[in-house]
Amino acid sequence: MAPTSYDPNSPDEQPVALPEAPLVRLSPNAVLQPPRTRRGTGPGMIVILPPSSAVKPSARAEKPLDPEPVLKCAEEGFAVVGVTPSSEGWSISESISKGVDALLGLKELDTKDKFTVTVYNPESLPDVLTAIAKDTRIACLVVYGPAPHSSRVPVMAHLPSSVEKVKGTATLSVFTYESASPYFVLPHADDYVPPFASLAHSRNVPFWRKHLGGPYFDIEAIWEEHTYFEFETRSVAHTMGTMVAEPYVNHVTTMTGGIGRKNLTNFYRDHFIFANPADTRLETVSRTIGADRVVDEFIFHCTHDRVIDWLLPAVPPTGKELAIPMLGVINVRGDRLYHEHIWWDQGTAMIQAGIMPSVVPFPLEGGKQMLRLPVAGVECAKLLVDETDGKSNEMFGWGLQA
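Every chain's residues receive numbers from 1 upward, in the order its sequence appears when written. Thresholds applied to this predicted model are a pLDDT of at least 70 for local features of residues and 80 or more for the giving and counting of side-chain atom pairs; totals over whole chains, interfaces and linings are not thresholded and use all residues. In computing side-chain properties, one takes all heavy atoms of the structure into account and sets aside hydrogens as well as water.

A. Examining the nonpolar core more closely. Grouping buried Ala, Val, Leu, Ile, Met, Phe, Trp, Tyr and Cys residues that are joined through side-chain atoms within 4.5 Å yields what is termed a nonpolar core. Only protein chains enter the calculation, and the probe is 1.4 Å; a residue is then buried if its accessible area is under 20% of its type maximum, exposed if over 50%, and partly exposed in between. Counting 34 residues, the largest nonpolar core has Tyr-268, Phe-300, Trp-310, Leu-311, Met-326 and Trp-344 as the members making the most contacts within it. Secondary-structure elements contributing two or more residues to this core are α5 (219–232), α6 (236–240), β9 (243–251), α7 (261–272), β12 (293–303), β13 (321–333), β14 (336–344) and α8 (346–353). Secondary structure follows DSSP: runs of H or I at least 4 residues long count as helices, runs of E at least 2 residues long count as strands, and numbering of each begins at the N terminus. Ranked by residue count, the leading element in this core is β13, at 5 residues. Only heavy atoms matter for contacts: two residues are in contact if any of them lie within 4.5 Å across the pair. If we skip the residues at most four places from it in the chain, Trp-310 touches His-251, Thr-254, Thr-256, Phe-267, His-271, Phe-272, Asn-276, Phe-300, Met-326 and Trp-344. Formed by 31 residues, the second largest nonpolar core is a distinct cluster that contains Ala-30, Val-153, Val-155 and Val-163.

Shown next, in the form of C-alpha cells:
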C-alpha cells in the first residue's frame, strides 16, 4: 500500500544519487565533460563557445534553470569538449582534431568513428569549416549565426533575424528566430530568449542523433517511470531521481509547482505526492512522442476528499468525484525529465467540485437577467474519451436565460 504521508526514514525516501561526471580541464581554454546521464555513456561533441567579451551578460535577477551548452549537451547524453577562443590554449583551427582526440581517450565514449561540432560563436565559423574539411571524423555541424555557404558535412543553422536569410537545401537545414543576436540560446546572455533557445535545442537533438547514431532513449518509459513514483509508490526521492539536476514543474492553470531541485522537492513532498486522494488515477487519452518531449492528453480522476493544493488551492474538500481533462507537455533531457507543463480548464474543475455556479446575474452588478456560463462539467471529459458520448455546440443556445 502506498504511503499517505512523508517518512524521511523510509527506504523509499533515501536520496537518489545524481549522475556524477567531473569536468576535466584539457587546456587553458578547453574542457571535457563526460555524459551526465544515468546511462553514463554517449557519442562525442565539440562546442565552440563565444568569449565573455562578445556577450553582454544578463541583467536578470533570477538565473535561468537552463544550463550552459556544455552541461546541457552532457545531460542529453553526449561527451562534450567545450572550447572558448583565447590567446592561451588551443586555437580554433586545432581544437577540432585535439577535441576529437581527447574524446577518443574517454572511456565513456561509445561511438568512436563520428563526432559533431556545434558553433555558438559565429566569429569562429570560418576556422571551424576549414578544420572540418580536413577531418573526416566530423559527421555534422550546428551553427548559431550566419549559415555557411558550403560545408563538407550536413549543417543545421539557427539564424537570428539580423543576418541574411538563406534557403535550405538537402544538406542545409535553416531556421530563423526573431532575435537580433545569435546569443539568444545562451542563458547567461542579455539576449537570451527562453522559447527560442528551447525550440532550437529541440531541433538539434534529432539532427545530432541522426548523424551520430544516438544517443537514443525510451522517453515514454522515462515518463511512465516518473508517474509511477508519483502516483503508485508515492516516493519523493524516487520521483526526483528521474529528473535532471535542476528541473521544474509548472501547473499553468494554478501557477503551482516548483522551480529548481530544492523548491520542486519541497512541492512534491508538501503539496503534491501526498496531497492527492487515495483513489487518484490517470486515464490516458492520447500520447505523442517526439525527440525530447512527451505530450499527453489524459483525464485526472479523483474524489475531492481533501484539499488538493495544486488543483484547487485552499478549497476545502467537497466529496465530489472529479474527472478533469488535462494536457501535459513533458520535456525529457537525455534519460531524465527537465520539466512538466500541465494545463487544464479550471472552470470544469470548479463546476465538478460544486464551487462555481452554472448561472450568474447579468450584468454582474445588479443584473436582472441570468447568464448561463459557457463551462461544462464531467461532460467534457466524456466527450474527450469518446467522441460519440455527448453533443457538440450545445453551449450556442445557453447565454441569457429567459
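We are not done yet, so read on.
B. Structural context of the pairing of strand β3 (residues 44–48). Within β3, 5 of the 5 residues are buried, which leaves it mostly tucked inside the rest of the structure. On β3, burial covers both faces: Gly-44, Ile-46 and Ile-48 on one face and Met-45 and Val-47 on the other are all buried. Pairing between two strands requires that DSSP report at least two bridges joining them. The pairing of β3 with strand β4 (residues 79–83) spans 5 bridges and is parallel. Directly across from Met-45, in β4, lies its bridge partner Val-80. Crossovers are described as right-handed under a simple rule: with the strands pointing away from the observer, the path leading from the first strand over the helix to the second runs clockwise. Note on the crossover from β3 through helix α1 (residues 69–75) to β4: the handedness is right-handed. Two elements, β3 and strand β5 (residues 115–119), share 5 bridges in a ladder whose sense is parallel. In the sheet register, Gly-44 faces β5, and the bridge partner there is Phe-115.

C. Just the side chain of Glu-340, in detail. Inspection of the secondary structure assignment puts Glu-340 in strand β14. Excluding its chain neighbours within four sequence positions, the residues that come into contact with Glu-340 are Trp-223, His-226, Glu-230, Met-243, Tyr-248, Val-249, Asn-250, Tyr-268, Val-329 and Ile-330.

D. Structural context of the sheet that holds β14. As summarised here, the arrangement of the 6 strands in space is β10-β9-β14-β13-β12-β11, forming an open sheet in which the pairing is mixed. With partners counted over all chains shown, the strands left at the sheet margins are β10 (256–259) and β11 (281–289), one partner each. Going across the sheet, the axis of each strand differs from the next one's by a mean of 20°, ignoring polarity. With 4 bridges connecting them, β9 and β10 associate as antiparallel partners. Across the sheet, the residue bridging to His-251 is Thr-256, located in β10. The axes used here are C-alpha line fits, helices contributing only the stretch in contact, and every angle between their N-to-C directions lies in the interval 0 to 180 degrees. Here helix α9 (residues 378–385) sits on the sheet in contact with β11, β12 and β13, set at roughly 55° to β13.

E. Spatial organisation of the pattern of salt bridges. Criterion for a salt bridge: a side-chain nitrogen of Lys or Arg within 4 Å of a carboxyl oxygen of Asp or Glu. Per the stated rule, a full pass over the model turns up 15 salt bridges. For Arg-38, the salt bridge is made with Glu-225, and the minimal N-O distance between the two is 3.1 Å. Here the residue Arg-38 occupies a position in the loop between β2 (30–33) and β3, and Glu-225 occupies one in helix α5, the gap between them amounting to 187 residues. Classification of Arg-38 as partly exposed rests on a relative accessible area of 37%. On the accessibility criterion, Glu-225 (27% relative accessible area) is partly exposed.

F. Representation of helix α2 (residues 92–104) in the model. The terminal C-alpha atoms of α2 lie 19 Å apart, and with 13 residues this matches the ideal 18 Å at 1.5 Å per residue to within 8%. Along α2, the positions that sit buried rather than exposed are Ile-92, Ser-95, Ile-96, Gly-99, Val-100, Ala-102 and Leu-103. Expected helix span is taken as 1.5 Å per residue step, with the number of steps being one fewer than the number of residues.

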